[in-house]
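In case you want the letters, here they are:
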Amino acid sequence: MLSRRIGWISAGCALSFMSLGILGCGSNNSLGPGANTTSKERVFNGLIGGPGNGTVDVFQRNVAIDQPAVPFGGVSSYVTVAAGNGVDTNVYLGGTSASPLAPVNSVNLSPNTNYTIGVVGISGQTTGPTRTQIIQYTDTPPNLTGNANAEVRIINALPNSPTGGISLYNGASNTVITGFSNIAYPNDSGYQGIPAGSYSLVARDNAGNTIATAAGATLAAGHAYTLVLTGQGNGGAPASKLTGVQDQ
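Parameters at a glance
- Residues numbered from 1 in each chain as written.
- Predicted model: local features only at pLDDT ≥ 70, side-chain atom pairs only at ≥ 80, totals over all residues.
- Heavy atoms only, no water.
- Pairing = 2+ DSSP bridges.
- Helix = DSSP H or I, 4+ residues; strand = E, 2+ residues; numbered from the N terminus.
- Phe/Tyr/Trp six-rings, centres within 6.5 Å; stacked < 30°, edge-to-face > 60°.
- Buried < 20%, exposed > 50% of the residue type's maximum accessible area, 1.4 Å probe, protein only.
- Lys NZ or Arg CZ within 6 Å of the ring centre and 35° of its normal.
- Core = buried A, V, L, I, M, F, W, Y, C linked by side-chain atoms within 4.5 Å.
- Contact = heavy atoms within 4.5 Å.
- Axes fitted to C-alpha atoms, helices over the stretch in contact; angles between N-to-C directions.

Caption draft 1: Region of interest: the sheet that holds strand β2 (residues 56-60). Within the open sheet, the four strands sit side by side as β3-β2-β5-β6. Their pairing is antiparallel. The open sheet has two free edges, formed respectively by β3 (63-64) and β6 (105-109), since each of these has just one partner strand. Note: β2 against strand β5 (residues 84-93), five bridges, orientation antiparallel. Opposite Asp 57, over in β5, you have Tyr 92 as the bridge partner.

What follows is the structure, encoded as structure tokens:
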């Protein structure tokens, strides 16, 4: 049996955040969307072995888009930022803005679009699949108006992800949830509609070993959720953790 930890975070309660308002007034890197258009962003910290206390700050336009710094396995709340193309994105040890932990990633921020910025990999590794990197995920659930299902996706942020990826199970029925099979690192499943209700969500490898569990997850119709799987999937430290946040 592989190591597991339980985590489930309600909407807006991932961490205690102050309102940052609109960060910046357009891309400082390139021409792009029109003035006064905005996007929303949040950050998750999947970096294993990060320096100091393991927290990270992600910066764009010389401003941290997460406040306070995000601990390992944590997910920040959304903040509103100016839309733009080629926006340089850097990650630092929490509370600092020197010595980036990963290569810069220039991202595009389309108007009226939500994004999750993930910091993944093993700290100090600069090559190979487990290198430290910044990844942008687009949060685009289907139209939720009148949707009888909950829309759910999972991000596989295990740098030592098992061969064949991970799958998401409904623990109550011990079955793979349709659309959540063989998700490779560092990909996400995309949003999948599942019946609203209470779940014990279990991430497993292809041998059926449990990696992490999010127990007591209540998924409401007409809402969207993201699960982030972080940690070491083979019983190493830090223990694997499945964190859930409400997107909409």
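What follows continues from the structure just given.
Caption draft 2: A look at the pairing of strand β13 (residues 197-204). As defined by bridge partners, strand β10 (residues 167-170) adjoins β13 across four bridges and the pair is classed as antiparallel. Residue Asn 170 lies in a different strand from β13, and its bridge partner there is Leu 201. Where β13 and strand β14 (residues 210-219) come together, seven bridges link them in antiparallel fashion. Within β14, the position partnered with Ser 198 by the bridge is Thr 218.

Caption draft 3: Representation of the packing of aromatic side chains. This structure, assessed with the given rule, holds two aromatic pairs. Seen in terms of ring centroids, Phe 44 and Tyr 137 are 6.0 Å apart; in terms of plane orientation they differ by 35°. Their pairing is tilted. Taken together, the positions of Phe 44 in strand β1 (residues 38-48) and Tyr 137 in strand β8 (residues 133-139) put the pair 93 residues apart, joining distant regions of the chain. With relative accessibility at 4%, the residue Tyr 137 sits in the buried group. On the numbers, 5.4 Å between centres and 90° between planes, the contact of Phe 59 with Tyr 92 is edge-to-face. Taken together, the residues span a long stretch of sequence, with Phe 59 in strand β2 and Tyr 92 in strand β5 at a distance of 33 residues. Given the relative accessible area of 11%, Tyr 92 is considered buried. The ring centre of Tyr 169 lies 4.6 Å from the NZ or CZ of Arg 204, which sits over that ring.

Caption draft 4: Representation of the pairing of β14 in the model. In terms of residue burial, β14 counts as a mostly covered element, since seven of its 10 residues are buried. Turn length for the β13-β14 hairpin, with the two strands adjacent in sequence and antiparallel, is five residues, and the turn residue Gly 208 shows positive phi of about 90°.

Caption draft 5: Region of the structure containing the nonpolar core. Counting residues in hydrophobic clusters, the biggest one holds 22 residues, and the most contacted among them are Val 152, Ile 154, Leu 168, Phe 180, Leu 201, Leu 229 and Leu 242. Secondary structure elements with two or more residues in this core: β9 (149-156), β13, β14 and β15 (224-230). Ranked by residues supplied to this core, first place goes to β14 with five residues. Apart from the residues within four sequence positions on either side, Val 152 is in contact with Phe 180, Gly 190, Tyr 191, Gln 192, Ile 194, Leu 219, Tyr 225 and Leu 227. Judged by nonpolar contacts, the second largest core, of 17 residues, contains Val 43, Val 79, Val 87 and Ala 102.

Caption draft 6: A look at the sheet that holds β8. Judged by pairing direction, the sheet is mixed, and its four strands sit side by side in the order β4-β1-β7-β8 without closing on themselves. Among the strands making up the open sheet, the edge pair consists of β4 (79-82) and β8. In this sheet, adjacent strand axes meet at a mean angle of 35° when their direction is disregarded. Both β1 and strand β7 (residues 114-122) contribute to a ladder of nine bridges, which runs parallel. Paired with Gly 46 across the two strands is Val 120, which belongs to β7.

Caption draft 7: Structural detail: the environment of Gly 179. Tracing the chain through its elements places Gly 179 in the loop between β11 (175-176) and β12 (192-195). Among the residues examined, Gly 179 registers a relative accessible area of 37% and is labelled partly exposed. With 13 residues separating them in the primary sequence, Gly 179 and Gln 192 have C-alpha atoms 6.3 Å apart. Those residues in contact with Gly 179 that sit more than four places away from it in its chain are Ser 189 and Gln 192.

Caption draft 8: Spotlight on the environment of Val 63. Position of Val 63 relative to the elements: it lies in strand β3. Under the relative-accessibility criterion, Val 63 is labelled partly exposed at 33%.

Caption draft 9: Layout of the environment of Leu 158. As for its position among the elements, Leu 158 is in the loop between β9 and β10. A relative accessible area of 0% means that Leu 158 is categorised as buried. Separated by 37 residues in the primary sequence, Leu 158 and Gly 121 have C-alpha atoms spaced 7.7 Å apart. Once residues lying within four places of it in the same chain are set aside, the contact partners of Leu 158 are Ile 166, Tyr 185, Ile 211, Leu 229, Thr 230, Gly 231, Gln 232 and Gly 233.

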